[in-house]
Amino acid sequence: RSAGASVVPLDDPDPHVQAQTANQFEADLYLGLDAVDAAVARSIYYAVPAFESAAGKALADHLRAALVGRRVVAEAELVGMRLPILRETRMPAVWCELGPVSLLVERSVAVADAVSDAVIGWAVRSRG
């Protein structure tokens, strides 16, 4: 928001409701953050064997790089998957798994800065 974006927080745990809300809002992108208990963070974009979202992959890669660059996480994987939220949104979409929760709370400012860096970098590059 501080960089001028309109943000709609989606708190409903149902991915179908989240996708529907994002589509109705006509968002330019969807970014889901999930706190998980995993050793390695994952930045996930839509992909199936015959297709992948190029814009989603680019956004996911920007997010992965920003999270590592801001030292939110030591490493993050770029992963293509067929998750319902990624399949049902009409805009580029990324699902990011970070954790544990205690780490996210401790590094909340760095997480917010990394997300902002990633979205701005992706937007500039995709429009350039």
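The structure we're discussing is the one just above.
Residues numbered from 1 in each chain as written. Predicted model: local features only at pLDDT ≥ 70, side-chain atom pairs only at ≥ 80, totals over all residues. Heavy atoms only, no water.

Visitor: Please clarify how the side chain of Thr89 should be interpreted in this entry.
Guide: Within the secondary structure layout, Thr89 lies in the loop between helix H3 (84–88) and strand E5 (93–98). Thr89 sits in the buried class, given a relative accessible area of 8%. Among the polar contacts listed, one links the side chain of Thr89 to the backbone oxygen of Ile85, at a separation of 3.1 Å. Polar contacts involving the side chain of Thr89 include one to the main-chain carbonyl oxygen of Leu86, which spans 3.5 Å. (Helix = DSSP H or I, 4+ residues; strand = E, 2+ residues; numbered from the N terminus. Buried < 20%, exposed > 50% of the residue type's maximum accessible area, 1.4 Å probe, protein only. Polar contact = N/O pair within 3.5 Å; in protein donor to acceptor, adjacent residues only side chain to side chain.)

Visitor: I keep staring at the pairing of strand E2 (residues 41–48) and nothing clicks. Help me out?
Guide: Consecutive side chains of a regular strand alternate in pointing toward one face of the sheet and then the other. Here E2 lies mainly inside the structure; six of its eight residues are buried. In this sheet, E5 lies alongside E2 in antiparallel orientation, the contact comprising four bridges. Each bridged residue has a counterpart across the sheet, and for Arg42 the counterpart in E5 is Glu97. Adjacent in sequence and paired antiparallel, E2 and strand E3 (residues 51–52) are bridged by two residues. (Pairing = 2+ DSSP bridges.)

Visitor: Can you walk me through the packing of aromatic side chains in this structure?
Guide: The geometry of an aromatic ring pair is captured by two quantities: the separation of the ring centres and the angle between the planes. Within the structure shown, the criterion is met by one aromatic pair. Here Tyr46 and Phe51 contribute two aromatic rings whose centre-to-centre distance is 6.2 Å and whose plane-to-plane angle is 50°, an arrangement assigned as tilted. By relative accessible area, Tyr46 is classed as buried at 15%. Residue class for Phe51 comes out partly exposed when judged on its relative accessible area of 49%. (Phe/Tyr/Trp six-rings, centres within 6.5 Å; stacked < 30°, edge-to-face > 60°.)

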